[in-house]
Amino acid sequence: MDRNKRRVTYVTGANSTLTGYGMNEGKKKKKSKLTQQLRKLLAIIALAAILLLAVSYAFSNTGRETLGKVTRIGATLSQNVTPFGDSVIFYDGTTLHCMAATGGNEWSYQIGTNADYDATQERIVAWSGNDLYILNSRGRLIYNNKMSDAIQFASAGSEYVAVFVGEADNGVVSVINEAGQIVDNVTISNQTLLDIGFFKTITSSSAQEQELMWVLGLDTTGTVISTELQTFQPGKLSTGKSSLGENIAYKVYSVGGKLEVVTTRQIMHYNYRVIEESNPTLIYGYTVDDVKVNNGVTYQLLIPAQESREGVRINNVRLMYGGVDRVLHLPSECLAAALGTHSVYGFSGNAVYVCKFGETSFTAHAMPIQVTAVLGMITDNRAVIASGSEIYVVELPR
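Since the structure is predicted, the reported quantities are computational estimates derived from the model, not experimental observations. (Residues numbered from 1 in each chain as written. Predicted model: local features only at pLDDT ≥ 70, side-chain atom pairs only at ≥ 80, totals over all residues. Heavy atoms only, no water.)

**Focus: the pattern of salt bridges**
This structure, assessed with the given rule, holds 7 salt bridges. A salt bridge links Asp325 to Arg318; its shortest N-O distance comes to 2.8 Å. We classify Asp325 as partly exposed; its relative accessible area is 42%. The buried category is assigned to Arg318, whose relative accessible area is 11%. (Salt bridge = Lys/Arg side-chain N within 4 Å of Asp/Glu carboxyl O. Buried < 20%, exposed > 50% of the residue type's maximum accessible area, 1.4 Å probe, protein only.)

In C-alpha cells form, the structure reads like this:
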C-alpha cells in the first residue's frame, strides 16, 4: 500500500511535473513574443529619438562654422611670441623667426642675445645692447647701426621707427625713416618715458594723411606726479603737448586720426595737437583689452578690471564701436577675450565662445586643445594660443 502510494505519488508527481512544464512552455512562448515586440518598439522609439536629435542639432547649427585647422608652430611661451599679420614671430634667445600659420618657417634673422623687438605689419625693429636692427616684413635688413648708448626700447610705425637711447629719465628719442636716415632727435629730460608710438592723421599743413609720433611720459619733478602727452611731426616740429593730470595712462591708440588715451577711469579723446575733442568716456571697472579696425569701423573690446593677479577671470565683456556701447555676458567664465574681423571671442580652458558684431548672444564651440593663454589674433580669424608651453594657431568660426 505504501509502495502504491509511493508509486502513485511518484507517477502523479511526475505527471504533475510534466503537466506543469507543458503549461509553462506555452506561457514562455507568449512571453517571448511580447518581449520581442517590446524590444522592436523600444528600438523604433530609440531610433526616432536619435533622428529627432540629429535633425534638431542640424537646424540649431544652420550657418554655424566649426573650428578649423590646428597647427603647432614650433615656438614656446617663453620665446616672446607675437602675432604678425598672417604669421607669428618669436625670439629663441639669439634669432628672430617668422613662422607661417601653417607651421613653415618664412624667415629667420640673428640679432644676438638679450634682445627684444617690436613689430607692425610693415616692419620689425629689434635691439640688443646698443645694436639696432630694422627689418621689413620679409625679414630683410633695412637698417643696422650701433647707437650712442644702450637702447631702452623702440617702437615701429608704418613709415618710421623711434628708438629711445640713454637713461629712463634722461635720454634721446631718435626717429629713423624708411631709408635708414635719422630725421629727428627728441630730448627727454625731467620725466620718465613710458611709451612711444605712431598714428596717422590729416594736419592743418597738409590735406594728405601723415604719420605723426606721440610720446607719453611721467613728470616727477613736481610735488604731484602727472602724465604728459606730446605729439611730433618727424623731421619738423612738436605739434602739441598737454598734461593729463594725476591719471596714469596705460594705453594709447588711434581712432580716425584721433588719439585715445586710456586711464584706469576713462578714455580721453585728443586731436593731433593734444587738445581734447570731446568729453571723456567713463570706463571705471573695465580695461581696454583689444582694438581692431574693420571696414573703417573701430571696435574696442574691454574686459572687467582684474582684482587678483592669480589669473584672469572674465564673465562679461564690453564692446564699443560707433554709437554702440554694449555689455555682452559670456556663457561661462573665460581666461581671455579677443576681436576678430566679424566677432567677439571668449576663451575658456576647453571652449571658445563666439558673438558676431551686432548680436548679443554667444555660441559655444569645443576647443581641440587645452587653452592656457591667448597671445592674440592673426588674419582670417585665427588665434595664437598657448597650451601649456606649446604655441598653436587655431582657425576660429567667423
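**Focus: the sheet that holds strand E21 (residues 276–282)**
Here we have 4 strands laid out as an open sheet, ordered E18-E19-E20-E21, and antiparallel in their pairing. Both outer strands of the open sheet, strand E18 (251–255) and E21, are each paired with one neighbouring strand and no more. When strand polarity is set aside, the average angle formed by the axes of neighbouring strands in this sheet is 20°. (Pairing = 2+ DSSP bridges. Helix = DSSP H or I, 4+ residues; strand = E, 2+ residues; numbered from the N terminus. Axes fitted to C-alpha atoms, helices over the stretch in contact; angles between N-to-C directions.)

**A word on the packing of aromatic side chains**
Using the criterion set out here, one finds 7 aromatic pairs in the structure. Measuring from centroid to centroid gives 5.8 Å for Phe153 and Phe164, while their planes differ by 55°, and the two rings are tilted. You can see Phe153 sitting in strand E10 (residues 151–156) and its partner Phe164 sitting in strand E11 (residues 161–167), a full 11 residues away along the chain. Overall, the relative accessible area of 18% leaves Phe153 in the buried class. Both rings, one in Tyr160 and one in Phe198, keep their centres 6.3 Å apart while their planes meet at 20°; by these two values the pair is stacked. Taken together, the positions of Tyr160 in the loop between E10 and E11 and Phe198 in strand E14 (residues 192–202) put the pair 38 residues apart, joining distant regions of the chain. For the pair Tyr160 and Phe198, a shared accessibility class is recorded, and that class is buried. Three or more aromatic residues joined by ring pairs form one cluster here, namely Tyr299, Tyr321 and Phe357. Over the ring of Tyr286 we find Arg318, and its NZ or CZ is 5.6 Å from the ring centre. (Phe/Tyr/Trp six-rings, centres within 6.5 Å; stacked < 30°, edge-to-face > 60°. Lys NZ or Arg CZ within 6 Å of the ring centre and 35° of its normal.)

**Considerations on the side chain of Asp131**
When you line up the elements, Asp131 lands in strand E8 (residues 131–136). A polar contact of 2.7 Å, which involves the side chain of Asp131, links it to the side chain of Lys146. Once you skip the residues sitting within four places of it in the chain, Asp131 turns out to touch Ala126, Asn145, Lys146 and Ile151. (Polar contact = N/O pair within 3.5 Å; in protein donor to acceptor, adjacent residues only side chain to side chain. Contact = heavy atoms within 4.5 Å.)

**Comments concerning unusual backbone geometry**
We note that Asn295 has phi near 55°; this positive angle belongs to a residue other than glycine. Mapped onto the fold, Asn295 is located in the loop between strand E22 (286–294) and strand E23 (297–304). Owing to a relative accessible area of 75%, Asn295 belongs among the exposed residues under this scheme. One non-glycine residue, Asp380, lies in positive phi territory at about 60°. Within the secondary structure, Asp380 sits in the loop between strand E30 (373–378) and strand E31 (382–387). With a relative accessible area of 58%, Asp380 lands in the exposed category.

**Quick look at the sheet that holds strand E25 (residues 324–334)**
Taking strand neighbours across the sheet as the criterion, the 4 strands line up as E22-E23-E24-E25 in an open arrangement whose pairing is antiparallel. Taken across any chain shown, the strands that pair with only one partner, and hence form the sheet edges, are E22 and E25. With strand direction ignored, the average angle separating the axes of adjacent strands in the sheet is 25°. Here 7 bridges tie strand E24 (residues 314–321) to E25, and the two strands are oriented antiparallel to one another. Bridge pairing in E25 places Asn316 opposite His329.

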